[in-house]
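Residues per chain, in single letters:
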Amino acid sequence: MSATLATMIQRVQPDWRIRIYERLGAVAQESSNPWNNAGTGHSALCELNYMPQAADGSVDPAKAISINEQFQLSRQFWSTLVNEGVLGDPKSFINSVPHMTFVRGEHDVEYLRTRYETLKKQPLFDEIEFSEDPKQIAEWVPLMIDKRAKSEKFAATRVAGGTDVDFGSLTKQLFERLIENGAELLLNHEVKGLRKGSDGLWTVRAKHNVGNTTHRVKARFVFVGAGGYALKLLQRSHIPEAKGYGTFPISGQFLRTSNPKIVAKHHAKVYSQAAVGAPPMSVPHLDTRVVDGQASLLFGPYAGANPKFLKHGSVMDLPGSIRGANIVPYLSVAKDNLGLLKYLIGELLTTRAGKFRALQEFAPSARPEDWELIVAGQRAQVIKKDAAKGGVLQFGTEVVAAEDGSIVGLLGASPGASTAVPIMIDVLKRCFPAHYAGWEPTLRGLIPTLGTTLNDQPKQAKKVMAATAETLRLND
Ligand SMILES: Cc1cc2nc3c(=O)[nH]c(=O)nc-3n(C[C@H](O)[C@H](O)[C@H](O)COP(=O)(O)OP(=O)(O)OC[C@H]3O[C@@H](n4cnc5c(N)ncnc54)[C@H](O)[C@@H]3O)c2cc1C
């Protein structure tokens, strides 16, 4: 998120000085590290949670369309940077991996068919395919059909033009170019305090984690791009807008294999239905990942309860975030989400064998000796005040900004890194209203369709998707 925002600011206002503080010894070691997230270029091609079924059986494509529109902006931004040589070979950070949905049982097959029929009419989704034919699905994803019981009823949809993104590689490349162009990156520096002076400037206090020395700098604008620690820092800034927010951390694990024989039998990101009580981002999926040019398969995530807000965080993160202003939202969320708590505790208690059985529902022929369990990143979900309920748990992202726009932070993790580009455009609009109109032409140079939507312009949608696919080498 910080790398994306800094890249945009360096472009629209090259005379501004940018300094980035990172508490760890390298960038992209938390959520944006490729092994800490699933790398799905979220565009609602396969994730059912963006298009749930209403009680009457109908489905509404509006949310799915808006997620896809957001990803088109990210694709355009990355394409421009590739064309300019800012980003290297696109294969180093984005690869074409079909996005599929796989469901079992009469009810879910009907839901998937309805979803397919609805999406097929939308220009951004018109390449979607549906099949109930085991032979066809076996051609798409042999690993999922191998040794599957003949009696099972199942169906799948597929969009060939899905993507797998290595957000860690993208982050590193963006930072390299930012530094070449004059931005400063201070590694091993943890921001501890944020205070606004009477001069209207923020004093950022950071501690050097190696020598324990304190470092202070004055800034006109602060972006709190601290991932799971964003709430902690926003609380320390004492801005009233951050009051009432809380963070609910959900940990994640994946099973991974890089056995080439198994990897060769699956080339897709296949999402399915979430278990009862499971949060939307805990939908199980079996994914092709491409990291450092190597393909592997990832299955999960297995969610769990863990009070840390970052993978390299502290068990005191959750208790330390409780304030008078957010205790009601925290308690209300605990009271109203017993199903989720039960689900998380259940996941924690699931043995390795239990975890493996979940994988075998996707890949019946999977053998434990081929798969290793890896720990993914922490997802810090947003808890916010709610007039009716006291507090609600939200699974999206939330931009929290001071009224004067001098400080802004990003809470939440979904749809996550895929939508860094539209979210940071929103940050620019909200925090720099006096500059934004002047910056727009430059931003449009980076993202040609900025400010318009594609789904209502079928010809333009085709043209833009074809152009970004070409530049990002997604047709290779
Ligand atoms: C299990 C899992 C699966 C996911 N899957 C996907 C997916 O498939 N697709 C997708 O698009 N998104 C996915 N996401 C979400 C995505 O990873 C995040 O939204 C995104 O990486 C967040 O980027 P960020 O820059 O905000 O945070 P991060 O990448 O976490 O970066 C924050 C940085 O701030 C540093 N920091 C924190 N506090 C301080 C401080 N006080 N001082 C200095 N530095 C500090 C941290 O060390 C870290 O480097 C997933 C996340 C998880 C956990």
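Quick note: structure is the one above.
Here the structure is a predicted model, which is why all the values come from computation and not from measurement.

Participant: Got a minute to help me understand the pattern of salt bridges in this structure?
Facilitator: A side chain of one charge can pair with a side chain of the opposite charge when the charged atoms of the two come close. Taken as a whole and judged by the stated rule, the model has 29 salt bridges. Two residues, Arg-23 and Glu-190, come together in a salt bridge whose shortest N-O distance is 3.2 Å. Here the residue Arg-23 occupies a position in the loop between strand 1 (19-21) and helix 2 (62-83), and Glu-190 occupies one in strand 8 (residues 189-196), the gap between them amounting to 167 residues. For Arg-158, the salt bridge goes to Glu-129, with nearest N and O atoms at 3.6 Å.

Participant: What exactly am I supposed to notice about the sheet that holds strand 8 here?
Facilitator: Two modes of strand pairing occur in sheets, parallel and antiparallel, and in both the strands are linked by backbone hydrogen bonds. Pairing within the open sheet is antiparallel, and its three strands lie in the order 8-9-10. Looking at the sheet topology across the chains shown, the edges are occupied by strand 8 and strand 10 (214-219). Ignoring which end each strand starts from, the neighbouring axes of this sheet average 25° apart. Looking at chain direction, strand 8 and strand 9 (residues 202-208) are connected through seven bridges and run antiparallel. What sits directly across from Val-191, in strand 9, is Ala-206.

Participant: I would appreciate a short explanation of a nonpolar patch on the surface in the present structure.
Facilitator: Side chains of Ile-322, Ile-327, Val-328 and Leu-331 sit close together on the surface and give an oily, nonpolar patch of about 340 Å² of accessible area. Tracing the backbone through its elements, the reader meets Ile-322 in the loop between helix 9 (317-320) and helix 10 (327-336).

Participant: What am I meant to see in a positive patch on the surface here?
Facilitator: The grouping of Arg-195, Arg-205, Arg-216, Arg-236 and Arg-323 at the surface amounts to a positive patch. Considering the arrangement of structural elements, one finds Arg-205 in strand 9. Using a relative accessible area of 32% as the deciding quantity, one classes Arg-205 as partly exposed.

Participant: Is there a simple way to think about the site of the ligand in this case?
Facilitator: Taken together, 33 residues sit near the ligand, with Glu-22, Ser-32, Thr-40, Val-191 and Ser-418 positioned nearest. In this structure, a nitrogen atom belonging to the ligand sits 3.1 Å away from a main-chain N or O atom of Ala-38. With respect to the ligand, the side chain of Ser-418 contributes an N or O atom lying 2.6 Å from an oxygen atom. Starting from 1000 Å² of accessible surface for the ligand in isolation, the protein chains cover 94%.

Participant: Mind showing me how you'd approach unusual backbone geometry here?
Facilitator: The phi torsion of most residues other than glycine is negative, and most of the peptide bonds are trans. For the peptide bond that leads from Gly-300 to Pro-301, omega is -5°, which places it in the cis range. Assignment of secondary structure puts Pro-301 in strand 15 (residues 294-305). Unusually for a residue other than glycine, Asp-292 sits at a positive phi of about 55°. Among the secondary structure elements, Asp-292 is positioned in the loop between strand 14 (285-291) and strand 15. Taking the relative accessible area as the measure of exposure, Asp-292 reaches 71% and is therefore exposed. Even without being a glycine, Arg-473 presents a positive backbone phi close to 55°. Along the chain, Arg-473 falls in the segment after helix 15 (458-471). Using a relative accessible area of 30% as the deciding quantity, one classes Arg-473 as partly exposed.

The rules behind the values
- Per chain, the residues get numbers from 1 upward, laid out in the order the sequence is written.
- For a predicted model such as this one, the threshold for reporting local features is a pLDDT of at least 70, and the threshold for listing and counting side-chain atom pairs is 80 or more; totals across whole chains, interfaces and linings nevertheless cover every residue.
- Only hydrogens and water are set aside when side-chain values are computed; all heavy atoms of the structure are taken into account.
- Salt bridge, as used here, is a side-chain nitrogen of Lys or Arg placed within 4 Å of a carboxyl oxygen of Asp or Glu.
- Under the scheme used here, helices are H or I runs from DSSP no shorter than 4 residues and strands are E runs no shorter than 2 residues, and both carry numbers assigned from the N terminus.
- Between any two strands, pairing holds if DSSP finds at least two bridges.
- Only the contacting stretch of a helix is used when fitting its axis, a line to C-alpha atoms as for every element, and angles between N-to-C directions run 0 to 180 degrees.
- Residues forming no salt bridge and having over 30% relative accessible area are the ones grouped into patches, like charges within 9 Å of each other and nonpolar side chains (Val, Leu, Ile, Met, Phe, Trp, Tyr) within 5 Å.
- Here the accessible surface of atoms and residues is derived via Shrake-Rupley with a 1.4 Å probe, and residues count as covered only by protein chains that are part of the display.
- Residues counted as positive are Lys and Arg, residues counted as negative are Asp and Glu, and His and the chain ends are not counted.
- Throughout, a charge is located at the NZ atom of Lys, the CZ atom of Arg, the CG atom of Asp or the CD atom of Glu.
- Categorising residues by exposure relies on relative accessible area from a 1.4 Å probe, with only protein chains included: less than 20% of the type maximum marks a residue as buried, more than 50% marks it as exposed, and the intermediate range marks it as partly exposed.
- The nearness test applies per residue and asks whether one of its heavy atoms lies within 4 Å of the molecule or strand.
- For this analysis, a polar contact is any N or O atom pair within 3.5 Å, provided that within protein one partner can donate a hydrogen and the other can accept it, and provided that sequence-adjacent residues contribute only side-chain to side-chain pairs.

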